[in-house]
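# A look at the structure
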Amino acid sequence: MSQQPIPTPSTLDLDNIQGDVLSGLPKKTQTYFFFQITDVKLFRSQLTQFVPLVKTTAQVLKDRKTIEDHKKKGDKTLIPMSSVNIAFSHKGFAQMGVDDSTLDDTDFQNGQRADAFNLRDNGTGGQNDFVPDWDPAFMQDIHALIFVSGDSHKSVNKKMQQVKDIFGVGSTKTSIKEVKTIVGDVRPGKEAGHEHFGFLDGISNPSVIGFDKNPQPGPKQIQSGALILGHEGDPNLSSRAPWVVDGSFLAFRYLFQNVLEFDNFLRDNPVPLAGLTPEEGSELLGARLVGRWKSGTPIDLAPFKDDPEISKNPHENNDFRFTAEGQFQKICPFAAHVRKTNPRADLEDPPISASLQKRRITRRGVQFGPEVTKEERKAGKTIEGRGLLFACYQTSIEDGFAFLQKSWANEPTFPPGAAPKIPGLDPLIGQGDRKLIGTDPNNPDVELPMPEFVVSRGGEYFFSPSLKGLRETIAMAA
C-alpha cells in the first residue's frame, strides 16, 4: 500500500472522520455491540463490505440539517434514521496484525482492565493482582465495538442486523464472536437530555477550531488536534503514521447510577441556608455537588436558587469561569463535579499555569436502564440496573479521560487553587475516601462523607479510525 501524505494540520476532512467524534450521531436510542475477532482473514475481507455503512461527520451534518428542517415545519414525528460507527481496541489491532505503535498511548495499549486499579474501580487485590468487580463480559478480551444510533429500536435493530449479516453472525461463516450487547435510550419526555440523577447533560463539550463556526460564549475553543490525531494541537503530530490521521481515541465506561441512594442522600443532608425549606436545601445540595442545577443552569451564575431561563440560553449556560468567589467556596465548591472535570479559571489564570487543551474531551454516550419504579421508590433503594453508557473522544487516553479520572476526580487536593484546604473527591465519579468540603456556603470547611453514587462495571479503550484508515489499512480484500 502506498503511503498517503499527512494532510495540512488545519484541514479537517469531514468525509474521512467518523461521525460520532466531532458532531455526535443523532439518536433516541443506541446499541453497543462488543465482539472478538475469531477469523482474521475473513473479518478483514468482510470489513470491505462494512466500511460503506460507516457514517462520516459530513453525513451526520447533513442528517442534522434534515432533522432541523423537519422540526421547522412543525412536524413532531421522528425521521427514520440510523448511523453506524466502529472502533478497535489494542488487542483487536494485535489480533489482526495491524501495527498500532504510532498511536503511542500506554493506557490504550494496556487496556482498561489493566487500568482498573489506577482508576480505583471496585475490586480485590493490589496493583499487580487486581481483579475489578466488573460485569463478566468486560473481563473478557474485547477486540472491537460497533455501535448503531437511530430514531427508534426498529431503525437501529434493522441496521444492526445488516451489520451482523455482513459478518456472518449466526452462520457458519462468521468471523466474530459477540461479547456483549448493551442498549441505551434517551430518557423519555421532559427528562430527555437529562441523566438518571435528573441533571441536564452534555452542555459543555468543547468547541473546536475549524469545525464549530459560531461558538457560544464559554471556555476557549480548542485546536482540532486535541480530539483528532494528525492535526494542529496533536502533541505527536510529527510521528503519526498516515493511517491513524483523522482518527480519535474512544474511552467507554459502563457506569451504573444509584439513583435512590443519591436522592436519599440529598434528602438527609439539605443545605441549612436561611429561608430555604428542607426540600429546597436538598435541591441546593444536589446543585452544589454537581455544579449545575438540574435545569443545567450553572450555580456560578445562580448560586442559591435555580434560574431555568439561563439554561435555555446558549449564550449564557456555559459562560462562567469560577471567578465570582466572594468568599472561599461561597458560590461553587472546588470539588463540584463540573469544576473537577473542567476547572476553567482555577487553572487558566495566573498564578496557576497549565495547558488545559490536552485535558479536554468530547462526551457522547447515552443513558441505559428503566426509569425508577414504584417498587424502588417504596423500598428506598436501587433494584433495577440503570446508568450511563459513557463514551468520550480525545487525542490521548493518558492525557484525556484517564488523567481526568485519576488526577482530578480521584485526587482530593485538586484543584490546587483550594490550597491549603483539601476539597475532597468528585462527588459523582470520584473513587477513594469519599468525602468533600464546600457544600455549606456558610461553613465551607465542614466535611461531608458520601456513599458511592456511580459504580463502574467495566469498559475498554478503543481507537476510532478514519474512513481511509479503515479502507486502506484495516480492511483487506480476499
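Bear in mind that the values here come from a model prediction, so they are computed numbers and not experimental data.

This part takes up helix α8 (residues 259–268). Among the residues making up α8, those that are buried are Val 259, Leu 260, Phe 262, Asn 264, Phe 265 and Leu 266. Where the residues of α8 are buried, they touch β7 (248–257), α9 (278–290), α13 (374–379) and β12 (447–449).

With that settled, the discussion passes to the packing of aromatic side chains. Scanning all chains against the criterion turns up 33 aromatic pairs. Centre to centre, the rings of Phe 35 and Phe 43 are 6.0 Å apart; their planes meet at 55°, and the pair counts as tilted. The pair Phe 35 / Phe 43 is uniform in exposure class, with both members buried. Feature note: the residues Phe 33, Phe 35, Phe 43, Phe 50, Phe 88, Phe 93, Phe 108, Phe 167, Trp 243, Phe 249 and Phe 463 constitute an aromatic cluster, connected by ring pairs. A cation sits over an aromatic face here: Lys 294 above Phe 199, 5.9 Å from the ring centre. Over the face of the ring belonging to Phe 320 we find Arg 344, whose NZ or CZ atom lies 3.8 Å from the ring centre.

The next point concerns the environment of Val 259. Turning to its location among the elements, Val 259 is positioned in helix α8. Judged by relative accessible area, Val 259 falls into the buried class, the value being 3%. Remark: the alpha-carbon pair of Val 259 and Lys 381, spanning 122 residues in sequence, is separated by 8.0 Å. When neighbours within four sequence positions are excluded, Val 259 is seen to be in contact with His 196, Phe 197, Val 372, Thr 382 and Arg 386.

Counting buried residues along strand β13 (residues 454–464), ten of its eleven residues qualify, which places the element largely inside the surrounding structure. Where β7 and β13 come together, nine bridges link them in antiparallel fashion. When the bridges of β13 are listed, Leu 250 appears paired with Phe 462.

Looking now at the confidence of the model for the chain. Mean pLDDT for the chain: 92, with 95% of residues reaching 70 or above. Predicted confidence for residues 1–9 stays below pLDDT 50, and this span has 16 contacts to residues more than four positions away or in other chains.

This brings us to the side chain of Ser 23. Topologically, Ser 23 is positioned in the loop between α1 (19–22) and β1 (29–37). A distance of 3.3 Å separates the side chain of Ser 23 from the side chain of Arg 64, its partner in a polar contact. Every residue in contact with Ser 23, bar those within four places of it in the chain, is listed here: Val 60, Leu 61, Arg 64, Phe 211 and Arg 364.

Criteria and thresholds
- Residues numbered from 1 in each chain as written.
- Predicted model: local features only at pLDDT ≥ 70, side-chain atom pairs only at ≥ 80, totals over all residues.
- Heavy atoms only, no water.
- Buried < 20%, exposed > 50% of the residue type's maximum accessible area, 1.4 Å probe, protein only.
- Helix = DSSP H or I, 4+ residues; strand = E, 2+ residues; numbered from the N terminus.
- Contact = heavy atoms within 4.5 Å.
- Phe/Tyr/Trp six-rings, centres within 6.5 Å; stacked < 30°, edge-to-face > 60°.
- Lys NZ or Arg CZ within 6 Å of the ring centre and 35° of its normal.
- Pairing = 2+ DSSP bridges.
- pLDDT = per-residue confidence, 0-100.
- Polar contact = N/O pair within 3.5 Å; in protein donor to acceptor, adjacent residues only side chain to side chain.

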